[in-house]
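# Structural characterization, general
Each chain, written out:
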Amino acid sequence: PFEYDYEFKICSDLPAMAFHLAWDNELDGVRIRVYDKKSGKLIQTLETEDIEPYRGPGVLTTEDINFDSCQDLKLLSFKGGTGNMLYRYWIFSRKTNKFYFEEELSDICAPKLNEKKKEIFSHRNQGGAGSVYTEETYKYIGNKLMLIRQTDQYDDHKGQLINEVKERRHGKMVTVRKQVILKYN
């Protein structure tokens, strides 16, 4: 079992919040209690099951993943040997002053934010000493997270390494480029 305490400023105009993260054997996962920092009052409890029990003070962080000027919670849930990392995200709602689990974001590998373009970039190493991978770019359109670009580089099992790029056009992902980048055998 492990426990960590954090303090984060979620929105610039709101008081800081305190967070108590603990491994829960009954849950077989992590429980995060969110408190009003000043009063100590419990605001809500967040739970997540079936994750690797990563330890260390940096497993829970914040970032503005949906570009709304408020920080969201980010919990490390998977760390692979190839650099692939997954997180569980809880989005902060200004309407309720609470966090809500966001399943779609939790499937994005090693997200990197481009704040200027308000996009989320992902790179998933899938083998071949880094030559087989998927890269994805997401953007919030309205309040919905949308995949807008995807690059897959893969072995076609016929002696070729293929690079395929898809982009969102008229609401659908369409292939805009597909090329052989390496022939072998």
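Look a little higher up for the structure.
This text gives an overview of the structure that appears in the document. (Residues numbered from 1 in each chain as written. Predicted model: local features only at pLDDT ≥ 70, side-chain atom pairs only at ≥ 80, totals over all residues. Heavy atoms only, no water.)

Empty space within the largest pocket amounts to approximately 240 Å³. Around the largest pocket sit 13 residues that line it, and Asn66, Asp68, Ile91, Tyr140 and Asn143 are the ones nearest its centre. For the lining of the largest pocket, the secondary-structure elements that each account for two or more residues are β7 (85-93) and β12 (144-155). Per-element accounting of the lining of the largest pocket gives the leading share, three residues, to β7. Its residues assigned to classes, the lining of the largest pocket comprises four nonpolar, four polar and five charged. (1 Å grid on protein atoms, 1.4 Å probe; cavity = no way out; pocket = protein on both sides within 12 Å on 5 of 7 lines; lining within 4 Å. Points joined across faces, edges and corners; volume = space filled by probe spheres on them. Helix = DSSP H or I, 4+ residues; strand = E, 2+ residues; numbered from the N terminus. Nonpolar A, V, L, I, M, F, W, Y, C, P; charged D, E, K, R; others polar.)

Let us look at the side chain of Glu167. Within the secondary structure, Glu167 sits in strand β13 (residues 160-169). Of note is the side chain of Glu167, whose polar atom sits 2.3 Å from the side chain of Arg149. Leaving out residues up to four positions away in the same chain, Glu167 has contacts with Ile148, Arg149, Lys172, Met173, Val174 and Val176. (Polar contact = N/O pair within 3.5 Å; in protein donor to acceptor, adjacent residues only side chain to side chain. Contact = heavy atoms within 4.5 Å.)

Looking now at the sheet that holds strand β8 (residues 98-101). In space, the four strands of this open sheet follow the order β5-β6-β7-β8, with antiparallel pairing throughout. One side of each edge strand has no neighbouring strand; the edge strands of this open sheet are β5 (60-63) and β8. Direction aside, neighbouring strands of the sheet carry axes that sit 35° apart on average. Where strand β6 (residues 72-79) and β7 come together, six bridges link them in antiparallel fashion. Across the sheet, Leu73 pairs through a bridge with Trp90, a residue of β7. (Pairing = 2+ DSSP bridges. Axes fitted to C-alpha atoms, helices over the stretch in contact; angles between N-to-C directions.)

Attention now goes to the nonpolar core. Soluble globular proteins: nonpolar side chains tend toward being buried together. In terms of nonpolar packing, the biggest core is built from 36 residues, with Phe19 and Phe99 touching the most fellow members. Of all elements in the fold, only β1 (3-8), β2 (17-24), β3 (29-36), β6, β7, β11 (132-141) and β12 reach the threshold of two or more residues within this core. The element contributing the most residues to this core is β7, with five residues. If sequence neighbours within four positions are ignored, Phe99 has contacts with Ile10, Met17, Phe19, Val34, Gln44, Leu46, Gln71, Asp72, Leu73, Trp90, Ile91 and Phe92. (Core = buried A, V, L, I, M, F, W, Y, C linked by side-chain atoms within 4.5 Å. Buried < 20%, exposed > 50% of the residue type's maximum accessible area, 1.4 Å probe, protein only.)

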